[in-house]
Structures are given as C-alpha cells and as structure tokens.
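Report on the structure
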Amino acid sequence: MAEIGMIGAGSWGTALTWLLTNNGHHVTVWSALEAEIEMLREKREQKDKLPGVILSEDTVFTTDLRAAVEGKDLLVLAVPSPFTRSTADQLKSVVDKGQIIVNVAKGIEENSLMTLSQIIEEEVPQAEVAVLSGPSHAEEVGKGLPTVIVAGARNKKTAEYIQNIFMNEVFRVYASPDVLGIEIGAALKNVVALAAGIADGLGYGDNTKAALITRGITEIARLGIQMGGHFETFCGLSGIGDLIVTCASMHSRNRRAGILIGQGCTMEEAMKEVKMVVEGVYSAKAAMALAEKYQVQLPIIEQVNEVLFHGKPAAQAVSDLMLRDKKIEISDDTMWA
C-alpha cells in the first residue's frame, strides 16, 4: 500500500482517488477550497463535478497542504492548468528532495510557453516530476470502464513505479520516456477539440470531424517533433488516442465549449456555460507562439485562435481552411512515377 497525496479535488482528482483507493492505496485529498473539502467529508462525493462516484471511508480530505504532502510516497497534481504554477509555488516549501510529483493536467503556459512539468520542475526543483496522460475522461474512469493511458518519466524506474501504482484490470498504463511529447499532445489536442466542437455547432458532419482529427494530429506532431518529441508518441495514447476521445465525446469540456461557439456564443459565454476550465482556450495562444518560435504551420490551430480571440466568424474560419493552397499529403517526392 502506498501513501498518496492528491493535490486537487476536481473531477479528475476525484476519479483518480477512487481508482487508487480501489487499488489498495491510502489517499489524502487536498483542496484550497474549504467548502469543497467539507462537501467531500460529508458526502464522500464530488457532487458538483463528478456525481455518483463515492469515495472510500478511509480517504482523508484536507485544506492543509503540508498534511497532504509530508510522508507521501507519491503526489498527484490534479489542479487545472492555469493554477499549476501557483500550486507548485505552494508545494516548494513542503516537498522533500526526490519526492515524486505526477502531473495529470494538460496545458501550456501562455507567457512562458512552458509545459506543466517544466513549470513544476522550475518551482519545485527538488522533486522528481512525471506525467500521466491519455484518453481518459474522469466520468468513465470513475465507473471502472476500461481505460488505457501512458506514464511519462525521464527515469525508467519512476515510470514503472507509477505504472504499478495506477494499473489494474480496467486501467492499463504504458510507460514512456517522452515526457515532452506526451505533454505537447495532451495540450494541443484540446485546441483541436475546440475546432471539432465548433464544426459540430455549425452542423457539419462526420467527414468534417474525421478531417479535423487527422489533420489535427498532423499539426500536433509537426510541432511536437520539431520541439524534440518522438513520432511514436503522437501515434500513441497521448497523441491520436487523446485527440480522438476529446474531439468525439460530450464528456469533453473543450468540445462542448466549441459547440457553443459554433452556435454563436462568445468564448466567454461558452466557458461560463461549461462551468469548468476549458484548457484549450489557455493553450491556443501558446500553441501559435510555439509555432512561430519553431517555424511550423498550424492552420487549424491558427483559425481557432482567430475565432476565439479576434472575432472571426466560425463558418468563415472553416471556409478559409478549405480554400487554402493545394497541398501534397506525403512529402517524399521520390515516390512519384
């Protein structure tokens, strides 16, 4: 049995707490929100964000960060990406040297263009930082539905340790050394999912969705490989796998926000309606800044930015994508007869 600190009590933190306690581990859940902790203590259920998932009686809930961190074998950082830096800043004074922090949020910081693990490493340099990502909606994990994800760490033993902690008969975990590639795929799929939702909101069909997914993963891989990620990662769980589930499911807050935007809502109205952090909105600008830095083209992500931040009509953005200059799908000219 491992002692685990769950830093964050939203839907994903709650689902992973349920999973880990079912695996026989003891979990202490932290939130900065006293009302949230009181609800969890009284109901043992995240009524607002993950109703129906009941947590075990021995799960501990606290607003005391030190109590959630000290003596723990593993920390899981499950706060929304906009709060990663501020939470990591609080962690720096209570985390021991070599303590493992597994980040499970997805995003890129707009100002610094850093991935979330890079932010944690900067703020908590004494920690060993890893990531857990892939096609995994909290609503399904909390029901025990079969799910497959990937644990990324620079140290193989750390990745295998995380694999052993999380894995069971319905939650399969692969290990990978490509932390950067995993995080790029995880962050940018949210932006493409906004595009997929916008297309749904406009009334477009399966052909459009398939085009956005396939050309979307091409954009993600193009940037990710240029930054140093591995091609296999973008063909895997945190690449095409996570992109498919986020573009296709109504559990996806990014897709739901996109649908509302396609139907005529502003970005602000859509985010208010979804009632949870829409990660893709925060990653969209950062993705374009990275595209400029690494000199790669991201036409879908570029049009999402135009719709989100520059008032471009969604239908016009789709039209502009369709009317781009002719392209060749395979770049190897030696294949032509």
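All values derive from a computational prediction rather than experimental measurement.

**As for the overall build of the chain**
Of the regular secondary structure elements, the chain holds 16 helices and 10 strands. With the principal axes as the frame, the chain shows a C-alpha extent of 60 × 40 × 35 Å. In the chain, which comprises 337 residues, the share counted as buried stands at 55%. Taking the contacts inside the chain whose residues are at least 6 apart along the sequence as the reference set, 70% of them involve residues at least 24 apart. Roughly 15300 Å² of accessible area belongs to the chain as shown, and the carbon and sulfur atoms make up 52% of that amount.

**Section: the domain arrangement of the chain**
As far as domains go, the chain holds domain 1 (3–177) and domain 2 (180–327). Each of domain 1 and domain 2 was reduced to a C-alpha centroid, and the two centroids are 25 Å apart. Counting residues at the interface gives 29 residues for domain 1, matched by 27 residues for domain 2. Both faces considered, domain 1 and domain 2 share a buried interface measuring about 2300 Å² in area, 68% of it formed by carbon and sulfur atoms.

**Overview of the pairing of strand 2 (residues 26–30)**
Counting buried positions along strand 2 gives 5 out of 5 residues, so the element sits mostly inside the fold. Of the two faces of strand 2, the one lined by His26, Thr28 and Trp30 and the one lined by Val27 and Val29 are each fully buried. Across 5 bridges, the pairing between strand 1 (residues 3–7) and strand 2 is parallel. Opposite Ile7, over in strand 2, you have Trp30 as the bridge partner.

**With respect to the packing of helix 12 (residues 253–262) against helix 13 (residues 267–274)**
Contact geometry for helix 12 and helix 13: axes closest at 9 Å, N-to-C directions at 135 degrees. When the interaxial angle is binned, helix 12 and helix 13 end up oblique. Where helix 12 crosses over helix 13, the two elements pack in a sense that is right-handed. On helix 13, the residues touching Arg253, Arg256, Ala257, Leu260 and Ile261 of helix 12 are Met267, Ala270, Glu273 and Val274. Of the residues in the contact of helix 12 with helix 13, the class split is 6 nonpolar, no polar and 3 charged.

**Some details on the UniProt feature "binding site: sn-glycerol 3-phosphate" (unreviewed entry) in the chain**
When the UniProt feature table is mapped onto this chain, "binding site: sn-glycerol 3-phosphate" (unreviewed entry) is found at Lys106, Gly134, Ser136, Lys189, Asp242, Ser252, Arg253 and Asn254. Take Lys189: its relative accessible area is 6%, and that puts it in the buried class. With residues near it in sequence (within four places) discarded, Lys189 still touches Lys106, Ile220, Asp242, Leu243 and Thr246. Mapped onto the fold, Ser252 is located in the loop between helix 11 (237–248) and helix 12.

**Looking at the pattern of salt bridges**
Applying the stated criterion across every chain, the model contains 19 salt bridges. Where Lys106 meets Asp242, a salt bridge forms, and the shortest distance between an N and an O atom there is 2.7 Å. Taken as a pair, Lys106 in the loop between strand 7 (100–103) and helix 5 (116–123) and Asp242 in helix 11 lie far apart in primary sequence, 136 residues in all. Assigned by exposure class, Lys106 and Asp242 land together as buried. Between Asp200 and Lys209 there is a salt bridge, with its nearest N and O atoms 3.2 Å apart. The network of salt bridges with common partners includes Arg85, Asp89, Lys92, Glu109, Glu122 and Glu123.

**Things to note about the environment of Gln118**
Within the element layout of this structure, Gln118 appears in helix 5. Gln118 gets classed as partly exposed once you look at its relative accessible area, which sits at 29%. Taking the C-alpha atoms as reference points, Gln118 and Gly264, separated by 146 residues in sequence, lie 36 Å from one another. With residues near it in sequence (within four places) discarded, Gln118 still touches Leu113, Leu180 and Glu183. Polar side-chain contacts of Gln118 include one of 2.9 Å to the backbone nitrogen of Thr115.

About the thresholds
Residues numbered from 1 in each chain as written. Predicted model: local features only at pLDDT ≥ 70, side-chain atom pairs only at ≥ 80, totals over all residues. Heavy atoms only, no water. Helix = DSSP H or I, 4+ residues; strand = E, 2+ residues; numbered from the N terminus. Buried < 20%, exposed > 50% of the residue type's maximum accessible area, 1.4 Å probe, protein only. Contact = heavy atoms within 4.5 Å. Areas by Shrake-Rupley, 256 points an atom, 1.4 Å probe, with all protein chains shown as cover. Domains from an automatic or database assignment. Buried area = accessible area lost by both parts, 1.4 Å probe. Pairing = 2+ DSSP bridges. Axes fitted to C-alpha atoms, helices over the stretch in contact; angles between N-to-C directions. Parallel < 35°, antiparallel > 145°, perpendicular 65-115°, else oblique. Left-handed = near helix turned anticlockwise from the far one by under 90°. Nonpolar A, V, L, I, M, F, W, Y, C, P; charged D, E, K, R; others polar. UniProt positions renumbered as here; feature names shortened; annotations may be inferred. Salt bridge = Lys/Arg side-chain N within 4 Å of Asp/Glu carboxyl O. Polar contact = N/O pair within 3.5 Å; in protein donor to acceptor, adjacent residues only side chain to side chain.

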